[in-house]
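# Examining the three-dimensional arrangement
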Amino acid sequence: MVNYNKLWKLLIDKQMKKKDLMVAANIGSATIAKMTKGMNITTDILCRICKALNCDFKDIMEYIPE
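What comes next concerns the included structure. All values derive from a computational prediction rather than experimental measurement.

On to the packing of aromatic side chains. Taken as a whole and judged by the stated rule, the model has 0 aromatic pairs. The ring of W8 has K18 lying over it, and the distance from NZ or CZ to the ring centre is 4.5 Å.

Unlike most non-glycine residues, N26 shows phi in positive territory, near 55 degrees. Within the secondary structure layout, N26 lies in the loop between α2 (18-25) and α3 (29-36). Even without glycine at this site, N54 takes up a positive phi of about 55 degrees. Here N54 lies in the loop between α4 (43-53) and α5 (57-60).

About the cut-offs
- Residues numbered from 1 in each chain as written.
- Predicted model: local features only at pLDDT ≥ 70, side-chain atom pairs only at ≥ 80, totals over all residues.
- Heavy atoms only, no water.
- Phe/Tyr/Trp six-rings, centres within 6.5 Å; stacked < 30°, edge-to-face > 60°.
- Lys NZ or Arg CZ within 6 Å of the ring centre and 35° of its normal.
- Helix = DSSP H or I, 4+ residues; strand = E, 2+ residues; numbered from the N terminus.

This is the structure we're talking about:
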């Protein structure tokens, strides 16, 4: 299970909305919906998000063992 709570907090800290992230990282609303539900997304999308936010994977997600 992947948890993206760190991403949502980072967006708040940067005063960004999910829509702003979609534009900055060139991702779609379906991807945001998947992340909101804790579903898997591709590493390509994770890389785009990290590039847009100038951060690392560990700053936007964490692995939660079931």
